[in-house]
Amino acid sequence: GTILKHEAAGNIMIYAQTYDIAGLNWSTTGGDLKTRKDDMDLSITDLSVMNTMTVRVNSTEKNLDLHVATLMGNGDIRFGDHNTAGEDGDSIWGLDIDNSEFTGVIEIKVGNLRFDDTLFLPNATLSVVAGDQLTSVILSNNVTFGAMRYDGTPVADDSYTAAQLNSLLSSSRFSGSGTLTVQGSIEAPSYSLWLADFPTLGTQTNFADDFEPDGLDNLLEYALGGNPTNDDAAAVLAASTDAGWLN
């Protein structure tokens, strides 16, 4: 099998319908892992992601089944980038991982992320970017993550069906007969890592900045699990106030 290293900005393009990679080391940011065939099967024996790896399709070629035997690293694996019908927005990303030492983030940004097989990633975070994106998660089997974020807001530790997630998050993004368990085995991210989930803040990243504004500065949003780009004070500020003090 092929051994690949992504050490400089640029795309890795795969043209074959079925392709096996013995090892892929994604150690730098910039560029995509991009497929050029419809309904493609890609198998990677050892995948190490130490930076941001974006998985994309090309134009009208859609759908990718990605099987990883062993996943390592602490970077970000992002599915989809172009919010366009006919490109990533119409694609189904099937993900299957046998063994994992991964401590990073798996993010569905655009398209449909489908879990066909049981998945156990107790040290990884699942991030679902909704907003106006063409995004959904298909639970065809049971999956476990150490933490989960929905549009940057943490999801409480528990086991959920698709219907329960839709109800909890006021969403229609989840489907399938499996369950998604948020195990709660990951420490809260640092302030700087938390900020990275909200690039639209621009330069308003100081503790005292209030982007929306909704009366909660960034530090309070971080401490209470809020979203600094949404007016969510009523939802995250469950405690009452008295003369400026939290009760």
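Residues numbered from 1 in each chain as written. Predicted model: local features only at pLDDT ≥ 70, side-chain atom pairs only at ≥ 80, totals over all residues. Heavy atoms only, no water.

This part is about the confidence of the model for the protein. Confidence in the prediction for the protein averages 82 pLDDT; 83% of positions are at 70 or higher. Between residues 239–243, whose pLDDT stays under 50, and residues either more than four places distant or in other chains, the model counts 7 contacts. (pLDDT = per-residue confidence, 0-100. Contact = heavy atoms within 4.5 Å.)

What follows concerns the environment of V155. The residue V155 is located in the loop between β15 (153–154) and β16 (158–161) in this model. Along the sequence, V155 and S127 sit 28 residues apart, while their C-alpha atoms lie 9.9 Å from each other. Here V155 is in contact with M148, Y150, Y160, L168, L169 and V182, once residues within four sequence places are set aside. (Helix = DSSP H or I, 4+ residues; strand = E, 2+ residues; numbered from the N terminus.)

With that settled, the discussion passes to the nonpolar core. Among the nonpolar cores identified, the biggest contains 47 residues, and I77, F79, I106 and F115 are the most heavily contacted of them. Excluding residues that lie within four positions of it along the chain, I77 makes contacts with L47, V49, M53, V55, L71, F102, V105, I106 and E107. Counting residues in each nonpolar core, the second largest holds 5 residues, with Y191, L195, F198 and L201 among its members. (Core = buried A, V, L, I, M, F, W, Y, C linked by side-chain atoms within 4.5 Å. Buried < 20%, exposed > 50% of the residue type's maximum accessible area, 1.4 Å probe, protein only.)

Here F198 lies in the loop between α2 (191–195) and α3 (218–224). For the pair formed by F198 and D151, sequence separation is 47 residues and the distance between their alpha carbons is 8.9 Å. Non-local contacts of F198, meaning those with residues more than four positions away in its chain, are made with D151, G152, G226, N227, P228 and T229.

Mapped onto the elements, R173 comes out in the loop between α1 (162–168) and β17 (174–175). Buried and unpaired, R173 has no salt bridge, with D151 as the nearest side chain of opposite charge at 6.6 Å. (Lys, Arg positive; Asp, Glu negative; His and termini not counted. Salt bridge = Lys/Arg side-chain N within 4 Å of Asp/Glu carboxyl O.)

Another point: the pattern of salt bridges. Under the definition given, this model contains 3 salt bridges. For D65, the salt bridge is made with R114, and the minimal N-O distance between the two is 2.8 Å. Linking D65 in strand β7 (residues 64–72) with R114 in strand β11 (residues 111–115), this pair joins segments that are 49 residues apart in sequence. What makes D65 partly exposed here is its relative accessible area of 32%. With a shortest N-O distance of 3.2 Å, R78 and E107 are connected by a salt bridge. Taken together, the positions of R78 in strand β8 (residues 76–79) and E107 in strand β10 (residues 105–108) put the pair 29 residues apart, joining distant regions of the chain. Connected through salt bridges with shared partners, the residues D65, R114 and D116 form a single ionic network.

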